[in-house]
Amino acid sequence: MKQNRLFKTALIYLGSAAFVWLFGTVYEIFSHGVYSPYMIWAFAFPLVMGGIPFLGMYLSCRMRAGNNRLPGRSGSSAGYLWWHPCTPAVYAYSSGVAALTCGSIVTGVLEIYGTTNRLSGIYWICGIFLVCAGLVLYGIQLILSQLARKNS
Amino acid sequence: MFKKKHLWTIIYSAVLLAFTVYLLLDTFVITRVYSAESISGGSLPYSFSTSDEGHSATVSQGVPEGYLGSSSSGEGTAADSNTSAASGETTQTENTEALNDVMVPVVSEDSYADSHISVTLSEYREYDTTIYVADVQIDSLESLQSAFAQGLFGRNITAATSEIAEENGAILAINGDYYGSQEKGYVIRNGVLLRGTSAGREDLVIYYDGSFGIINEAEISAAELLEDGAWQVYSFGPALLIDGDIAVTESEEVGKAKASNPRTAIAIIDELHYLFIVSDGRTSESTGLSLYQLAQFIQSLGAESAYNLDGGGSSTMYFNGEVINNPTTNGNRVSERSVSDIIYIGY
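Residues numbered from 1 in each chain as written. Chains lettered and ligands numbered in written order. Predicted model: local features only at pLDDT ≥ 70, side-chain atom pairs only at ≥ 80, totals over all residues. Heavy atoms only, no water.

Digging into the overall build of chain A
Applicable threshold: Counting from the N terminus, the helices are the DSSP runs of H or I reaching at least four residues and the strands are the DSSP runs of E reaching at least two. Exposure categories follow from relative accessible area, calculated using a 1.4 Å probe and restricted to protein chains: below 20% of the type maximum is buried, above 50% is exposed, and the middle band is partly exposed. Whether two residues touch is decided by their heavy atoms; if any such pair falls within 4.5 Å, the residues are in contact.
In terms of helices and strands, chain A carries 5 helices and 0 strands. Each of the 152 residues in chain A was classed as buried or not, and the buried ones make up 43%. Here the analysis covers contacts within chain A between residues at least 6 apart in sequence; of these, 76% occur between residues at least 24 apart.

A few points about the sheet that holds strand E11 (residues 170–175) of chain B
All names here are of chain B. Rule in force here: Being paired, for any two strands, means DSSP has found at least two bridges between them.
Spatial ordering of the open sheet is given by E8-E25-E11-E22-E23, a layout of 5 strands whose pairing is antiparallel. For this open sheet the edge positions go to strand E8 (144–148) and strand E23 (322–323), each flanked by a neighbour on one side alone. As paired strands, strand E22 (residues 317–319) and E23 are joined by 2 bridges and run antiparallel to one another. Bridged to Tyr318 within E23 is Val323.

As for the interface of chain A and chain B
Under the convention used in this document: Reported buried area values correspond to the accessible surface (1.4 Å probe) lost by two parts on association, with both partners' losses combined. Definition used for salt bridges: Asp or Glu carboxyl oxygen within 4 Å of a side-chain nitrogen of Lys or Arg.
Taken together, the 25 residues of chain A in the interface contact 25 residues of chain B. Interface area, chain A with chain B, both sides summed: about 2,200 Å², of which 57% is carbon and sulfur. A per-residue breakdown of the area chain A buries against chain B is headed by A:His32, A:Tyr91 and A:Tyr113, which together make up 25% of the total. Along the contact surface separating chain A from chain B lie 2 salt bridges. The partner of B:Asp26 in a salt bridge is A:Arg118, with the nearest N and O atoms 3.5 Å apart. Elements supplying a minimum of two residues to the side of chain A that touches chain B: helix H4 (87–113) and helix H5 (121–151) of chain A. The element contributing the most residues to the side of chain A that touches chain B is H4(A), with 10 residues.

Topic: the pattern of salt bridges
Inspection of the entire model under this criterion finds 6 salt bridges over all chains. For B:Glu183, the salt bridge identified is with A:Arg118, shortest N-O distance 3.0 Å. Taken together, the residues span two chains, with B:Glu183 in the loop between E11 and strand E12 (187–189) and A:Arg118 in the loop between H4 and H5. B:Arg189 is paired through a salt bridge with B:Asp177; the nearest N and O atoms lie 2.8 Å apart. Here B:Arg189, found in strand E12, pairs with B:Asp177, found in the loop between E11 and E12; they are 12 residues apart in sequence, far enough to count as distant. Looking at B:Arg189, the relative accessible area reads 1%, which means it is buried. A cluster of three or more residues bridged by salt bridges with shared partners is formed by A:Arg118, B:Asp26, B:Arg32, B:Arg155 and B:Glu183.

Structural notes on the packing of aromatic side chains
Inclusion rule: Two aromatic rings, drawn from Phe, Tyr or Trp (for Trp, its six-membered ring), form a pair once their centres lie within 6.5 Å of each other, and the interplanar angle then sorts them: stacked below 30 degrees, edge-to-face above 60, tilted otherwise.
Taken as a whole and assessed by the stated rule, the structure comprises 16 aromatic pairs over all chains. Measuring from centroid to centroid gives 6.1 Å for A:Phe45 and A:Trp124, while their planes differ by 50 degrees, and the two rings are tilted. With a gap of 79 residues between them, A:Phe45 in helix H3 (residues 44–65) and A:Trp124 in helix H5 connect regions that are remote in the sequence. When the ring of B:Phe148 is compared with that of B:Tyr179, the centres are 5.0 Å apart and the planes differ by 55 degrees; the resulting orientation is tilted.

Focus: a negative patch on the surface
Residue and element names in this part refer to chain B. Applied cut-off: Patch building starts from residues that exceed 30% relative accessible area and form no salt bridge, then joins like charges within 9 Å and nonpolar side chains (Val, Leu, Ile, Met, Phe, Trp, Tyr) within 5 Å. Accessible surface is estimated by sampling points in the Shrake-Rupley manner with a 1.4 Å probe; for residues, cover comes only from the protein chains shown. Note that His is not counted, nor are the chain ends; the positive residues are Lys and Arg, and the negative ones are Asp and Glu. To locate a charge, the coordinates of NZ of Lys, CZ of Arg, CG of Asp or CD of Glu are taken.
Where like charges cluster on the molecular surface, the negative patch consists of Asp209, Asp243, Asp245, Asp270, Glu271 and Glu304. Looking at the element boundaries, Asp270 is found in strand E19 (residues 263–270). When its relative accessible area of 43% is taken as the criterion, Asp270 is described as partly exposed.

Comments concerning the confidence of the model for chain A
What counts, and what does not: pLDDT: the predictor's confidence for each residue, scored from 0 to 100.
Residues at a pLDDT of 70 or more form 88% of chain A, whose mean pLDDT is 86. Low pLDDT, under 50, characterises residues 69–78 of chain A; the stretch is placed with 8 contacts to residues that sit more than four places away or in other chains.

Considering the confidence of the model for chain B
Residues and elements named next belong to chain B. Mean pLDDT over chain B stands at 82; residues scoring 70 or higher make up 77%. No element of chain B has a lower mean pLDDT than strand E2 (residues 47–50), at 32, and none a higher one than strand E20 (residues 273–279), at 98. Within the model, pLDDT remains below 50 along residues 38–59, and this stretch shows 36 contacts once partners closer than five positions in the same chain are excluded. Below pLDDT 50 for its whole length, residues 70–94 participates in 50 contacts with residues either more than four positions away or in separate chains. Interface scoring of the predicted complex returns ipTM 0.87; its pTM is 0.79.

Digging into the layout of surface pockets
Our working definition: Of the two site types, the cavity is a set of points on a 1 Å grid over the protein atoms alone where a 1.4 Å probe fits but cannot get out, and the pocket is an open set with protein on both sides within 12 Å along at least five of seven lines, each lined by residues with an atom within 4 Å of a point. Grid points are joined across faces, edges and corners, and a volume is the space filled by probe spheres set on the points. Just so you know the grouping, Ala, Val, Leu, Ile, Met, Phe, Trp, Tyr, Cys and Pro go in nonpolar, Asp, Glu, Lys and Arg go in charged, and all remaining residues, Gly too, go in polar.
The computed volume of the largest pocket comes to approximately 900 Å³. Taken together, 30 residues make up the lining of the largest pocket; nearest its centre are A:Ile12, A:Ser16, A:Ser94, A:Ala98 and B:Thr9. Put simply, the parts of the chain that give the lining of the largest pocket at least two residues each are helix H1 (3–29) and H4 of chain A together with helix H1 (2–28) of chain B. Counting residues per element, the lining of the largest pocket draws most heavily on H4(A), which supplies 11 residues. Among the residues forming the lining of the largest pocket, the class breakdown is 19 nonpolar, 9 polar and 2 charged. Roughly 490 Å³ of internal volume is contained in the second largest pocket. If you trace the second largest pocket, you find 29 residues lining it, with A:Ile112, A:Tyr113, A:Gly114, B:Arg282 and B:Arg337 closest to the centre. Broken down by secondary-structure element, the contributors of at least two residues to the lining of the second largest pocket are H4 of chain A together with strand E21 (305–309) of chain B.

This is how it looks when you write it as structure tokens:
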């Protein structure tokens, strides 16, 4: 994943976290004093699981490469490091974070209303599964990249 | 390139959105009619009428013979309770006839009295909130009933408290525990077990002898409650008073009821002597009550046990054909919220 793509992904996560935080705050204001931790903390999923890691990766990349292209690399591949997550891993991981965030908001809505729905558990199952799938794909990518580097 | 690059995002977002919409519809809109759970022993020994669609309609077992009070005016007490409540022996027809033999009721704006039922309405002003209290004295537990919206047991089947009360000829009614918004929690109404799935909540049990009991669903099954003589079981909570003592703390952390809100509660003074309590809230005229304030108030009325029912926009008291309080959901408009069940006094 290229450096600028990392930054774009981090921005999307941070923007999502801000939106979810705003939504949760406004919802709680109109909930007549009934609070739900799921609604209050829903923004933590995109922030902690997405915004911070991807921003960290981007900043780490910038610190290593500076503002110039990486030595020994062509301009077309500038800003790409072997440990940047591949697209499939990012898609799976992001899908999981989206499911967890959605699940937290929906559970908060149900809790504030004072009801339950057995289907809400599907968010958590799918979210955790997709996050794990993303991490596994990333792990495989790292291993293969390391092997390729050793052989080259 | 654009399409391939964003295809997964578009498809996944669409699936997530569709699932969320379906879940919200399933929770708040789609109606489901449930069948009553049968207890051990096979066929239901109740007057259990069904609609044309084969679903449950109004149900009632009728209070067993040993628990019915005298039909004489003013002295109604539960008869000797030697008869087991689970015996299934009912004399509903005979006692209905006895209950029908009532004197012409004396009705005023804030009272109702006949030979079997006495209701006196009072209005209080406490904690910047208007509180309505109906003092109820009956001589037979059959006068304390539950009813469902549209006569059906299920989810998202709702109607206004006044509408349900009118359909059932209620003299006095309050909203119940809104069982229909929950997937779990014991539901026993008029002696019929309708749902026995535990939600781990603190329930109110009204036994055949008219007494109150507070139980925890995790400690006793619904079937055992039925065998113990449960006439009505409500699953909302928490208990406000137990044996005259306040059972909630000032900072009671109940997920659905932390702040000042409209409230509904039911309490027992002594044998077949109850209080139905509804408070206004969420308006400039009435701020509402916390659970502790509600418990304190009911304690001041001399109640032995009290239990919190569904509050907020659901809180409604109906008496002699009129809604007495000012039900509101958001504080801007006075209007009844549709609920799934009521508790009422009537024949």
